[in-house]
Amino acid sequence: MYSKTQKHNRILPLILLGTVSLALNGCFELKEDEAKNSDNHSAVQLSMSLPDSMTGGGTTSAARVLGLATRTSNGPCLYHGVVDDEPFQNGYNMTKFMVSIVATWTCITDTVVDIVNYVPHDGVIYETENQLGAFNYKSDDPTHYSVSDDSAAQTTVRLYYAYDRATPPTADSHPGFFVSWSKQANDVLEGRLIIDAYEIKPERENKEDPTTMRMDFEYTAEKKFATMYLAFDDNNQWADGFRVELTEDLLANPLNQVFTAKGLMAMKAQFSPAPGVTELPHLQMFTVADQLGEGAAIAEFVDLSLALELNANTGNHLGNYLFTKVDQYFFDADQSTSEPWDYINKTVTQSAYRGGRTTAATGGTWIPFSPSLDMIISALQLEADYFTGNACASVADDCTPMLNAIFRDGFADQEPNQGTDPHDWRSDAVAQATYLESIYPNGSNWVGAFDMTFTPAP
């Protein structure tokens with residue numbers, strides 16, 4: 001029900017989609033006598049082998065979706081995700097939305113790591129083929145880069161943007177792209193990727209897009225783990241930040257819970273403001289999938305506002321509401337079928353009426369659409385005395401039965417509830433779902449979150 005507003009589309013570019021080209025368009029000027037192919041660095045791979053059902057990969061759609069598409073052996077690190085106006089349509093779409101972001105950037109980091117095996121690791125800042133002021137200059141591509149070996153195990157890459165060759169960046173200059181990783185003798189790989197949108201493209205068209213991104217990753221013999229943080233401009237009126245955490249259990253039964261994804265979005269304002277509602281919403285997500293891609297997704301919309309205006313011309317307004325809603329989607333590995341769902345259950349778990357109701361008790365019409373309360377009671381199969389006493393009649397009353405009746409059969413482009421709980425491993429995982437508690441790396445704010453440094457664990 002939250003898929004069509006302008007505010008939702010502001011998050012969709014995510015961050016620096018043009019930066020994807022850095023891994024593809026010769027962003028490093030390679031020379032045969034400078035090539036370095038060290039076995040010490042060549043085995044780093046971040047890919048998680050995520051199933052298509054979680055990322056949207058594998059689709060043949062030609063539409064530009066989140067700027068993401070499917071990676072090929074010599075092509076871009078792109079996943080299809082979801083189309084621009086649909087990420088918040090349901091819990092499953094939110095899964096593809098958040099997982100495709102992490103999949104894309106782990107893939108891009110892989111590509112950068114591959115490239116830097118063939119350039120000097122001496123810390124010197126080199127020019128790329130992308131020359132500022134040239135007729136073929138690309139503002140999304142770096143103009144300079146450096147690669148350094150900070151230790152026998154750690155390598156750091158810095159990409160610089162929009163620097164003239166006459167005045168190149170120095171060691172004190174702030175890169176737009178930073179990635180550093182360490183691979184220990186026990187094959188533990190850890191690292192950090194940080195991107196600063198202002199450094200790459202200060203003239204960004206939409207000042208409300210995310211400004212900085214950080215992805216921490218750690219791979220061991222038991223699991224692969226990546227967590228991503230997205231921060232928005234301080235002037236953004238509605239969103240503070242977004243966090244995604246993705247884990248692959250390398251020891252799990254491949255037909256059980258192999259992949260686990262968690263997401264949290266913190267807001268500064270309601271998606272759809274309603275009079276009488278002052279609370280701030282947040283969105284939390286939990287998704288599981290097996291190796292083949294069968295899984296389940298939960299999206300919990302906490303403290304959302306909803307204004308149910310039935311007919312503006314007649315002044316018929318059913319009122320304003322605050323509610324929390326849980327979307328559960330049990331999905332199949334093959335999403336190309338006409339019935340990709342095993343089970344859909346959307347449930348309003350709590351709600352409160354916040355006033356504003358003008359709907360008449362009787363005398364309404366369906367055509368033109370301006371129903372009265374008695375008609376709504378009948379259509380939604382509510383108790384005959386609904387909208388009286390303490391049954392969603394006065395401010396602060398619980399209105400959960402009515403809202404569940406509205407969502408039950410589909411509302412605002414959502415699928416109706418369908419299927420039955422399969423009572424398999426997915427049901428157990430969903431019943432034990434846990435959520436992220438903060439969008440911030442330090443748990444309280446963005447201070448220090450995007451400092452372009454990385455110190456591996458001892």
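These remarks concern the structure in this document. Remember, it's a predicted structure, so these values are computed and weren't measured experimentally.

Re the overall build of the chain
From N to C terminus, the chain includes eight helices and 14 strands. Out of the 458 residues in the chain, the part that is buried amounts to 56%. Across the chain, contacts joining residues at least 24 apart in sequence account for 61% of those joining residues at least 6 apart. Per element, the accessible surface of the chain, about 19,400 Å² overall, is 49% carbon and sulfur.

Here we look at the pairing of strand β6 (residues 210–219)
Successive side chains on a regular strand alternate, one facing one side of the sheet and the next facing the other. Among the 10 residues of β6, nine are classified as buried, and the element is accordingly described as predominantly covered. Pairing geometry for strand β5 (residues 189–196) and β6, over eight bridges, is antiparallel. Paired with Leu189 across the strands is Tyr219, a residue of β6. As defined by bridge partners, β6 adjoins strand β7 (residues 223–232) across nine bridges and the pair is classed as antiparallel. Each residue of the ladder has a partner; that of Glu218, found in β7, is Phe225. The antiparallel pairing of β6 with β7 creates a hairpin that spans three residues between the two strands.

Quick look at the pattern of salt bridges
Across all of its chains, the model carries eight salt bridges by this definition. Here Arg165 and Glu127 are joined by a salt bridge, their closest N and O atoms 3.5 Å apart. Of this pair, Arg165 sits in the loop between β3 (154–160) and β4 (177–183) while Glu127 sits in strand β1 (residues 126–127); the two residues are 38 residues apart in sequence, bridging distant segments of the chain. Arg165 gets classed as partly exposed once you look at its relative accessible area, which sits at 31%. Between Asp327 and Lys325 there is a salt bridge; the shortest N-O distance is 2.5 Å. Taking the relative accessible area as the measure of exposure, Asp327 reaches 1% and is therefore buried. Residues participating in the shared-partner salt-bridge network are Arg192, Arg214 and Asp216.

Details of the side chain of Thr155
Inspection of the secondary structure assignment puts Thr155 in strand β3. Residue class for Thr155 comes out buried when judged on its relative accessible area of 0%. In terms of polar contacts, Thr155 uses its side chain to reach the side chain of Asp149, at 3.0 Å.

A closer look at the side chain of Ser173
Among the secondary structure elements, Ser173 is positioned in the loop between β3 and β4. Residue class for Ser173 comes out buried when judged on its relative accessible area of 16%. Within polar-contact distance, the side chain of Ser173 engages the backbone nitrogen of Thr170 at 2.8 Å. With residues near it in sequence (within four places) discarded, Ser173 still touches Tyr160 and Tyr163.

Thoughts on helix α4 (residues 91–116)
Under the 1.5 Å per step criterion, the end-to-end length of α4 is 38 Å for 26 residues, consistent within 8% with the ideal 38 Å. Counting buried positions along α4 gives 25 out of 26 residues, so the element sits mostly inside the fold.

Digging into the nonpolar core
One finds Trp105, Phe387 and Met402 to be the most contacted residues of the largest nonpolar core, which totals 80 residues. The greatest single-element share of this core, amounting to 12 residues, is contributed by α4. Beyond its immediate sequence surroundings of up to four residues, Phe387 is in contact with Leu318, Arg357, Leu373, Ile376, Ile377, Leu382, Cys392, Ala393 and Met402. Counting 14 residues, the second largest nonpolar core, distinct from the first, contains Tyr229, Trp446, Phe450 and Met452.

Focus: the packing of aromatic side chains
Aromatic rings in a pair are described by how distant their centres are and how their planes are angled relative to each other. Going through the model one piece at a time under the given rule, you end up with 13 aromatic pairs. Residues Tyr386 and Phe387 carry aromatic rings whose centres are separated by 4.9 Å and whose planes lie at 80° to one another, so their mutual orientation is edge-to-face. There is no split in this pair, since Tyr386 and Phe387 are both buried. An aromatic cluster of three or more residues is present, and its members are Tyr92, Tyr329, Phe331 and Trp341. Lying over the aromatic face of Phe225, Lys223 brings its terminal NZ or CZ to 5.2 Å of the ring centre. Over the ring of Phe407 we find Lys325, and its NZ or CZ is 4.9 Å from the ring centre.

Cut-off values and rules
- Residues numbered from 1 in each chain as written.
- Predicted model: local features only at pLDDT ≥ 70, side-chain atom pairs only at ≥ 80, totals over all residues.
- Heavy atoms only, no water.
- Helix = DSSP H or I, 4+ residues; strand = E, 2+ residues; numbered from the N terminus.
- Buried < 20%, exposed > 50% of the residue type's maximum accessible area, 1.4 Å probe, protein only.
- Contact = heavy atoms within 4.5 Å.
- Areas by Shrake-Rupley, 256 points an atom, 1.4 Å probe, with all protein chains shown as cover.
- Pairing = 2+ DSSP bridges.
- Salt bridge = Lys/Arg side-chain N within 4 Å of Asp/Glu carboxyl O.
- Polar contact = N/O pair within 3.5 Å; in protein donor to acceptor, adjacent residues only side chain to side chain.
- Expected span 1.5 Å × (residues − 1).
- Core = buried A, V, L, I, M, F, W, Y, C linked by side-chain atoms within 4.5 Å.
- Phe/Tyr/Trp six-rings, centres within 6.5 Å; stacked < 30°, edge-to-face > 60°.
- Lys NZ or Arg CZ within 6 Å of the ring centre and 35° of its normal.

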